[in-house]
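# Remarks on the overall topology
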Amino acid sequence: MKFGGTSVSDGDCIRRVVDILEPYRIDGVELAVVVSACSGVTDQIISVAHEVVSSRDKTPIESFIHAMRTRHTKILDQVAPDYVDEVMTIIDERLGLLENILSAVYTLKELTPRSRDYIMTFGERFSAPIVSAALRQRGIPSVALDGIEAGIITTPNHGDARALPASENHIKSRIVPLLTETVPVIMGFMGATEQGIITTLGRSGSDYSAAVIGSGIDADEIWIWTDVDGVMTSDPRIIKDARVLSDVSYLEAMELSYFGAKVLHPRSVEPAMQKDILVRVKNTFNPAHPGTCILRKEHREKRVVKAISFIEKVALINITGAQMIGRPGVAKAIFSALAEREANVMMISQGSSEANISLIVDESHLEVAMDALSPLAKQGVVREITYDRDVVAVAVVGAGMAGTPGTGGRIFTALGRAGINAMMISQGSSEVNVSFVVKGSDGKRALQVLHDEFRLSEDCDE
Ligand code: ADP
Ligand code: ASP
Ligand code: MG
């Protein structure tokens, strides 16, 4: 069971988490718990780390450390009064370490991806011992483990590391023996390379930690506890009448999260899918709600489109040049250049005239991508490369779309009626997803138009 940032945000929340876990433990269910940092903490850590690179003195560090200590002490006092001394010793030691590293960043005026990753893991280093102590306070034996102790070995990609297959045996040998005696509380979001260098798994990476751990211990189910009732038909912060889906397939969940549905980290489904482990998304603040089941075979809703997600921080790259017509190897040159620089391409579309290839990249990869591609224009392989940052990618997702004609027509007719122009269109080969790109200012409206068109707010599960 993984509890996200809002689920461990304060003393009341952590008590609720213990309330949720206790009956399972009493029933003899073996549980491994993964926790995020308390809500907002990771953002605050990142912002102070960046601030000190250019600050004139160490005041930001001092006030930050003070604020962290105050917040976590208060929570600990509330949830584990008998363990305050023991856990404060641990937290103070970690605060000291964090202060030293931030001071080093201040002195060197340099924040490398490696040090940034290490710094970012501290939120979880504070929250996990508190949650573990809260369980003990309730009489449930528990130990806190960091992601490395739990056995997560990753690629060296700082800020976006992936778990390596070697993690599986490590996790099994370290976690499984603990489960009969205790409830391990594992710090999400972090791992380490084979050389022991600390990495993070990408923002919201605790979902992924939970999936990797769940898969490593061959869990019966992986539960993601969050602050909404489940995976919804669209982002509830934007679509007010979004509805909770009772079940979605692994592929649907992957497509939705890849296209920005923040409720799940984009890679969190894969480890579960490989082993056919059911993933359940549930609400810590409304545990009686059944939530959403993510499993191999979605029970087919009558509708073809189930959900719509969107991702804002992307850029559109247009590559044009008649030279591309009928000339093999141009696509290879483009994608090799991008791969060499590790620019991640999220969507691809090629005009049938072959005179145009459009790509969507993460906005943070735009500069690298343009750098990688510009030699191709100079060498005459392509004529022109332009980009547009002011775009939003939208994904319309539903397993029922596979083999159902007319969905694309309905999507683009509805958009056309609303006066929204699709600048690029792409359909994944899984046919679970039709995605397209619109102007930034049209993004939210496109979402609402399609949510209405496919009447997603209406329950037709039955
Ligand atoms: P946690 O801290 O538990 O990991 P997150 O904030 O990362 O929680 O993710 C939960 C949030 O994801 C919800 O509060 C909701 O606003 C947002 N969200 C975006 N798209 C969706 C969706 N399709 N279904 C459910 N929630 C979504
Ligand atoms: N604390 C990390 C973040 O804010 C990981 C997580 O919450 O899942 O990104
Ligand atoms: Mg999250």
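Numbering of residues starts from 1 in each chain and follows the order in which that chain's sequence is written. In the order they appear in the text, chains get letters beginning with A and ligands get numbers beginning with 1. Side-chain atom pairs in this predicted model are given and counted only at pLDDT of 80 or more, local residue features only at pLDDT of at least 70, and totals for whole chains, interfaces and linings cover all residues. Side-chain measures here rest on the full set of heavy atoms in the structure, leaving out hydrogens and waters.

Let us now look at the overall build of the protein. Per the convention used, a helix needs a DSSP run of H or I reaching at least four residues, while a strand needs a run of E reaching at least two, with both numbered from the N terminus. A count of helices and strands for the protein gives 14 helices and 16 strands. A principal-axis box enclosing the C-alpha atoms of the protein has dimensions of 70 × 60 × 40 Å. Residue burial in the protein is summarised as follows: out of 462 residues, 53% are buried. It only takes one pair of heavy atoms within 4.5 Å for two residues to be counted as in contact. In the protein, once contacts between residues fewer than 6 apart in sequence are set aside, the share between residues at least 24 apart is 76%. Here the accessible surface of atoms and residues is derived via Shrake-Rupley with a 1.4 Å probe, and residues count as covered only by protein chains that are part of the display. Of the roughly 19,800 Å² that the protein leaves accessible, carbon and sulfur atoms contribute 51%. A positive count includes Lys and Arg, and a negative count includes Asp and Glu. His and the chain ends are not counted in either. All charge positions are set by atom: Lys at NZ, Arg at CZ, Asp at CG, Glu at CD. For the protein, the centre of its 47 positive side-chain charges and the centre of its 60 negative side-chain charges are spaced 3 Å apart. Per-residue accessibility, obtained with a 1.4 Å probe over protein chains only, is compared with the maximum for each type, and a residue is labelled buried under 20%, exposed over 50%, and partly exposed between these values.

The next thing to look at is the pattern of salt bridges. Criterion for a salt bridge: a side-chain nitrogen of Lys or Arg within 4 Å of a carboxyl oxygen of Asp or Glu. Enumeration over the complete set of coordinates arrives at 24 salt bridges. For arginine 267, the salt bridge is made with aspartate 160, and the minimal N-O distance between the two is 2.9 Å. Of this pair, arginine 267 sits in the loop between helix 9 (250-258) and helix 10 (270-274) while aspartate 160 sits in the loop between strand 3 (142-145) and helix 7 (167-175); the two residues are 107 residues apart in sequence, bridging distant segments of the chain. Glutamate 453 is paired through a salt bridge with arginine 417; the nearest N and O atoms lie 3.0 Å apart. Highlighted residues: glutamate 453 in helix 14 (residues 443-453) and arginine 417 in helix 13 (residues 407-417), separated in sequence by 36 residues.

In these notes, residues near a molecule or strand are those with any non-hydrogen atom within 4 Å of it. In the vicinity of ligand 2, the contacting residues are Ser36, Ala37, Thr42, Glu124, Phe189, Arg203, Ser204, Gly205 and Ser206. In protein, a polar contact requires one atom able to donate a hydrogen and another able to accept it; more generally it is a pair of N or O atoms within 3.5 Å, and residues adjacent in sequence count only if both atoms are side-chain atoms. Serine 36 places a side-chain nitrogen or oxygen 3.2 Å from an oxygen atom of ligand 2. Interatomic distance of 2.7 Å between a side-chain N/O atom of glutamate 124 and a nitrogen atom of ligand 2. Summarising the interface, the protein chains cover 87% of the accessible area of ligand 2, which totals 260 Å² for the free molecule. Under this grouping Gly is polar, as are all residues other than the nonpolar Ala, Val, Leu, Ile, Met, Phe, Trp, Tyr, Cys and Pro and the charged Asp, Glu, Lys and Arg. Partitioning the shell around ligand 2 into residue classes produces two nonpolar, five polar and two charged.

It is worth spelling out the site of ligand 1 at this point. Taken together, 19 residues surround ligand 1, and among them Gly5, Thr226, Asp227, Met232 and Lys262 come closest. Measuring from an oxygen atom of ligand 1, one finds a side-chain N or O atom of lysine 262 at 2.8 Å. For ligand 1, whose accessible area on its own is 570 Å², the fraction buried by protein is 91%. Residue classes in the shell around ligand 1 are distributed as seven nonpolar, seven polar and five charged.

Attention shifts here to the nonpolar core. Ranked by internal contacts, the top residues of the largest apolar core, which has 53 residues, are Phe3 and Ile119. Only helix 1 (11-26), strand 2 (33-35), helix 2 (41-54), helix 3 (59-79), helix 4 (84-108), helix 6 (122-137), strand 4 (183-187) and strand 7 (221-226) provide two or more residues apiece to this core. In terms of residue count, the dominant contributor to this core is helix 4 (ten residues). Those residues in contact with phenylalanine 3 that sit more than four places away from it in its chain are Val8, Val17, Ile20, Leu21, Val33, Val34, Val35, Ser36, Trp225 and Thr284. Among buried residues, those of type Ala, Val, Leu, Ile, Met, Phe, Trp, Tyr and Cys that are joined through side-chain atoms within 4.5 Å constitute a nonpolar core.

So, on to the state of the cysteines. Defined by distance alone, a disulfide is two cysteine sulfur atoms within 2.5 Å. In the structure shown here, the tally under the stated rule is zero disulfides. As a non-bridged cysteine, cysteine 13 has cysteine 38 as the owner of its nearest cysteine sulfur, 9.1 Å distant. In this structure cysteine 13 comes out as buried when scored by relative accessible area, which is 7%.

Here the phi dihedral of serine 204 falls at roughly 65 degrees; this positive angle occurs in a residue that is not glycine. With respect to the secondary-structure elements, serine 204 resides in the loop between strand 6 (198-200) and helix 8 (206-216). Unlike most non-glycine residues, glutamate 342 shows phi in positive territory, near 60 degrees. Within the secondary structure, glutamate 342 is located in the loop between helix 11 (330-340) and strand 12 (345-350). Taking relative accessible area as the criterion, glutamate 342 reaches 60% and is therefore assigned exposed.

All right, on to the sheet that holds strand 4 then. Only when DSSP finds a minimum of two bridges between them are two strands counted as paired. The sheet built from eight strands is open, its strands ordered 3-4-2-1-7-9-10-8 with mixed pairing. Across the chains shown, the open sheet's two edge strands, defined by having one partner strand only, are strand 3 and strand 8 (247-249). In the sheet, strand 7 pairs with strand 9 (residues 278-283) via six bridges, with the strands oriented parallel. Paired with isoleucine 222 across the bridge in strand 9 is valine 279. Helix axes are fitted to C-alpha atoms over the stretch in contact, other axes to C-alpha atoms as well, and angles between N-to-C directions run from 0 to 180 degrees. Across the face of the sheet, helix 8 comes into contact with strand 1 (2-3), strand 2, strand 4 and strand 7 while running at roughly 160 degrees to strand 7.

This paragraph deals with the pairing of strand 13 (residues 356-362). With five of its seven residues buried, strand 13 lies for the most part within the structure. Examined bridge by bridge, strand 11 (residues 307-320) and strand 13 share seven bridges and lie antiparallel to one another. The residue bridging alanine 315 from the neighbouring strand is valine 361, located in strand 13. Direction of pairing for strand 12 relative to strand 13: antiparallel, over a ladder of five bridges. Residue pairing for strand 13: valine 345 is matched across the bridge by valine 361.

The quantities given are spatial measurements derived from coordinates; they are silent on function.
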